[in-house]
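Descriptive analysis of the structure
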Amino acid sequence: MLPKKGRKLPIWKGVLDGREAYARTIAELLRKEHGDSHRAVKHLMRQTDASERTVKHWLSAQHGPDTVFFLRLVVSSPVIRAFVLGLIEGPASNPLRDPVDRFSLAAARQAYVVGEAALSPSAKGYRQNDPEDDPDRDPVNDPESKELNERQHWFLARVAEGGRYGAKEITTVWQVSMKTARRDIGALQKAQLLEYIGSRRKGRYRRRAK
């Protein structure tokens, strides 16, 4: 057994108690802000780029938003943002012992800039010609779910920015197999959300116009 060191683990309460409590809380906040009508569902879909089924699951408290969708809500929803600030300033939060100095704030801003630059299509060395991204190898006819997963939403967003992205980027960012990455891209092509333009070696994917 490990020796006791006198430190107690925090006892989480309320929304921090678990996934079910989190899902119920987010559902209540979203319903208060938007209601639960079809119009509210469509608004949240545009706000977060989530699928209709995913948004309905949030509103019914079947599950709460995953990390990326939650961050999008924090940025775009005043109610969710106020909720997060309330958590930060609440009794469960560890108070800052010292005020945040200007050097730490500058470092945080710089880290944000670096993170944004890493997603830029013009980032050096981000994409090279790769035979693994041969569009002819994408399994267009593989059976797929009609709902888009987070990887596919991410891929569509990156492609919409104009960069040259392919299966290799999905495997790198999401830590999935090349087969899974190709299946994601194939499903997007089958759904007519994505197309490949240009030559096999120098072409790229782009979102299809609606």
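Residues numbered from 1 in each chain as written. Predicted model: local features only at pLDDT ≥ 70, side-chain atom pairs only at ≥ 80, totals over all residues. Heavy atoms only, no water.

1. Quick look at helix H8 (residues 167-174)
Those residues of H8 lying buried are Ala167, Glu169, Ile170 and Thr171. Its buried side turned inward, H8 meets helix H7 (150-160) and helix H9 (178-190). Remark: glutamine 175 follows H8 within two positions and exhibits a positive phi of approximately 55 degrees. (Buried < 20%, exposed > 50% of the residue type's maximum accessible area, 1.4 Å probe, protein only. Helix = DSSP H or I, 4+ residues; strand = E, 2+ residues; numbered from the N terminus. Contact = heavy atoms within 4.5 Å.)

2. Brief notes about the nonpolar core
By size, the foremost hydrophobic cluster in this structure holds 17 residues, and its most contacted members are Leu30, Val55, Trp58 and Ile80. Of all the elements in the fold, those that place two or more residues in this core are helix H1 (19-34), helix H2 (38-48), helix H3 (52-59), helix H4 (67-76) and helix H5 (78-89). One finds Trp154, Val159, Ile170 and Ile185 within the second-largest nonpolar core, a separate group that totals 12 residues. (Core = buried A, V, L, I, M, F, W, Y, C linked by side-chain atoms within 4.5 Å.)

3. Things to note about the packing of H4 against H5
Contact geometry of H4 with H5 gives a least axis separation of 6 Å together with a crossing angle of 100 degrees. One way to sum up the angle between H4 and H5 is to call them roughly perpendicular. Residues Phe70, Leu73, Val74, Val75 and Ser76 of H4 form the contact with H5, whose participating residues are Pro78, Ile80, Arg81 and Val84. Taken together, the residues of the contact of H4 with H5 sort by class into 7 nonpolar, 1 polar and 1 charged. (Axes fitted to C-alpha atoms, helices over the stretch in contact; angles between N-to-C directions. Parallel < 35°, antiparallel > 145°, perpendicular 65-115°, else oblique. Nonpolar A, V, L, I, M, F, W, Y, C, P; charged D, E, K, R; others polar.)

4. Here we look at the packing of aromatic side chains
Counted by the stated rule, this structure contains 6 aromatic pairs. On the basis of an interplanar angle of 70 degrees and a centroid distance of 5.9 Å, the ring pair of phenylalanine 155 and tyrosine 205 is categorised as edge-to-face. On the criterion of sequence distance, the pair formed by phenylalanine 155 in helix H7 and tyrosine 205 in strand E2 (residues 204-207) is long-range, its members being 50 residues apart. Residues phenylalanine 155 and tyrosine 205 agree in their burial class; the two are buried. Members of the aromatic cluster, connected to one another through ring pairs, are Trp154, Tyr165 and Trp174. (Phe/Tyr/Trp six-rings, centres within 6.5 Å; stacked < 30°, edge-to-face > 60°.)

5. Description of the confidence of the model for the protein
Parts of the prediction with low pLDDT should not have their coordinates interpreted in detail. The share of residues in the protein with pLDDT of 70 or more is 68%, and the mean pLDDT across the chain is 77. When pLDDT is averaged over each helix and strand of the protein, the minimum, 64, is found for helix H6 (residues 102-118) and the maximum, 92, for H9. Across residues 122-133, confidence stays below pLDDT 50; counting only partners more than four residues off in sequence or on other chains, it has 24 contacts. Scored below 50 in pLDDT, residues 138-145 makes 15 contacts in the model with residues more than four places away or belonging to other chains. (pLDDT = per-residue confidence, 0-100.)

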